[in-house]
Structures are given as C-alpha cells and as structure tokens.
Amino acid sequence: LASNNQAVDGWGQNSWGQLGDSTTTSRQSPVQVVGVGGTGFLTGVTSLGTGLLHSLAVTQNGVVAWGLNPHGELGNNSNVASTAPVEVLGVDGSGNLTNVTSVDGGEYFSSAVGPDGVYAWGRNDGGFLAVGNTTPSRIPLVSAHFQPGNVTFAGTPGTSISSDTNSWSVVS
C-alpha cells in the first residue's frame, strides 16, 4: 500500500520477508517498508507489484524487490531471500533497472514495463519470461515478443501475460 508521501506500508504473512520490514515477523497492523539494505524507509515509490512471496516497487532511483528468491525473482543475480529491498539489476547485470513505469510478480518470477518493452526475470520452466526458452534468469531480460507501447499490469499474484491485438496485459 503506497501512501501520500510515496512510502510503502505492508501487513500480513511475512515468513520470507515479503513485507520488507527487515524481519520475518507476520504483522496484523501496517508496517513501513525499509529502504534499500535496511537503511531508512523506502520512499519515492510510483508503482508496486507482488508475486507469490515477494514484492516489487518502482522508485525514483529504479526498481527494488524483497522477499523469497529461490529462482532469482528479486533480480539481483542471487537466489537468496531478502527481508529488505534490494536493487534489481539492469538488463546487462549491472547498475539498477531504471526508466520503468510498472512492475508485477507471478509465482517465482517478476516483470516490468520499460522503454524497451517488457522485462522479465526469475522462474521460467513454463516459459513465463517470454524470451523464447525455459532457462531461468536472476537478472532482467528483455522479451523479444513484447515491443514498447500499450503494456499494462493488473491482477493478483500468479498472473501471466496475455495479448489482444496491439495491447498486452498481465491477467490472472
């Protein structure tokens, strides 16, 4: 839940740190998501997304993610879970993924919309990443099947990408 000051609050089950408060304690009341590396609080958030047991945000400095990470769904070239936000790496595996307008997650994978089209990373055994193979990736890849344009994300954790004519969307 994003607030007026572009900060993020979360609550509920937290066994893998998906609330982003640097703990694995489940919460019945909202707690503020900490900043990258557990310093301060996450601010400047313009878009949020959730996967099965991980969360993502677009900030003024780029994309961040936190929570469970067995397939690289946090996009930081690791498969280690994080209870605090980590920077999602750029497409070449360096820097931070920037110029993104929206993010969303699925069951052990993540995706984002940027100027090059759709980026995806994480689990790929069902071809979830839409990159023409079933190899998982711990860093964002650009999908060759999605071109810049009308791409939107909506739905619930475990979503997938579908199309109709010239528009792509994430649906349940």
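Worth saying up front: this structure is predicted, and the values here are computed from it rather than measured.

Colleague: An account of the nonpolar core is needed here, citing residue identities and associated values.
Modeller: Formed by 13 residues in total, the largest nonpolar core has its most connected members in Val63, Leu97, Val100, Val103, Ala112 and Trp121. At the level of secondary structure, the elements contributing two or more residues to this core comprise strand E4 (54–59), strand E5 (62–67) and strand E9 (117–122). Once residues within four sequence positions are removed from consideration, Leu97 is found in contact with Gly62, Val63, Val88, Leu89, Gly90, Val91, Ala112, Tyr119, Trp121 and Pro140.

Colleague: Talk me through the sheet that holds strand E3 (residues 45–50); I want residue IDs and the actual numbers.
Modeller: In spatial order, the strands read E3-E4-E5-E6; together these 4 strands make up an open sheet with antiparallel pairing. The sheet terminates laterally at E3 and strand E6 (82–87), the two strands that pair on one side only. For this sheet, the mean inter-axis angle between neighbouring strands, taken without regard to orientation, is 20°. Bridge count for E3 against E4 is 5 bridges, and the pairing is antiparallel.

Colleague: How would you explain the pattern of salt bridges if you had to name every residue and give the values?
Modeller: In this structure the tally under the stated criterion is 3 salt bridges. For the salt bridge of Arg27 with Asp21, the shortest nitrogen-to-oxygen distance reads 2.9 Å. Residue Asp21 is classed as buried on the basis of its relative accessible area, which comes to 11%. Connected through shared salt-bridge partners, Glu107, Arg123 and Asp125 make up one network.

Colleague: Provide a residue-level description of the packing of aromatic side chains, including the pertinent values.
Modeller: A complete count under the given rule lists 1 aromatic pair for this structure. Ring centres of Phe109 and Phe128 lie 5.2 Å apart, and the angle between their planes is 5°; on these two criteria the pair is classed as stacked. Taken together, the residues span a long stretch of sequence, with Phe109 in strand E8 (residues 109–114) and Phe128 in the loop between E9 and strand E10 (137–142) at a distance of 19 residues. By relative accessible area, which is 32% here, Phe128 ends up partly exposed.

Colleague: Break down the side chain of Ser55 for me, with residues and values.
Modeller: Tracing the backbone through its elements, the reader meets Ser55 in strand E4. Within the local environment of Ser55, its side chain forms a polar contact with the backbone oxygen of Gln18, the two atoms lying 2.9 Å apart. Not counting residues within four places of it along the chain, the set of residues in contact with Ser55 comprises Gln18, Gly49, Thr50, Val64, Ala65 and Trp66.

Colleague: Pulling in residues and values, what's your account of the environment of Leu89?
Modeller: Position of Leu89 relative to the elements: it lies in the loop between E6 and strand E7 (102–105). Counting along the chain gives 26 residues from Leu89 to Val63, while the straight-line C-alpha distance between them is 8.2 Å. What Leu89 contacts, discounting residues up to four positions off in sequence, is Gly75, Asn76, Asn77, Ser94, Gly95, Asn96, Leu97, Ile139 and Pro140.

Colleague: Describe the confidence of the model for the chain, listing the residues and the values that go with them.
Modeller: When the pLDDT values of the chain are averaged, the result is 85; 80% of them are 70 or greater. Confidence over residues 155–172 falls short of pLDDT 50; this stretch has 44 contacts with residues more than four positions distant or in other chains.

Colleague: Residues and numbers for the sheet that holds E9, please.
Modeller: Taken in spatial order, the 4 strands line up as E7-E8-E9-E10 in an open sheet, and their pairing is antiparallel. For this open sheet the edge positions go to E7 and E10, each flanked by a neighbour on one side alone. Mean inter-strand twist for the sheet, computed between neighbouring axes without regard to direction, equals 15°. Relative to E9, E8 is paired through 6 bridges, and the arrangement is antiparallel. Residue Val113 lies in a different strand from E9, and its bridge partner there is Val118.

What counts and what doesn't
Residues numbered from 1 in each chain as written. Predicted model: local features only at pLDDT ≥ 70, side-chain atom pairs only at ≥ 80, totals over all residues. Heavy atoms only, no water. Core = buried A, V, L, I, M, F, W, Y, C linked by side-chain atoms within 4.5 Å. Buried < 20%, exposed > 50% of the residue type's maximum accessible area, 1.4 Å probe, protein only. Helix = DSSP H or I, 4+ residues; strand = E, 2+ residues; numbered from the N terminus. Contact = heavy atoms within 4.5 Å. Pairing = 2+ DSSP bridges. Axes fitted to C-alpha atoms, helices over the stretch in contact; angles between N-to-C directions. Salt bridge = Lys/Arg side-chain N within 4 Å of Asp/Glu carboxyl O. Phe/Tyr/Trp six-rings, centres within 6.5 Å; stacked < 30°, edge-to-face > 60°. Polar contact = N/O pair within 3.5 Å; in protein donor to acceptor, adjacent residues only side chain to side chain. pLDDT = per-residue confidence, 0-100.

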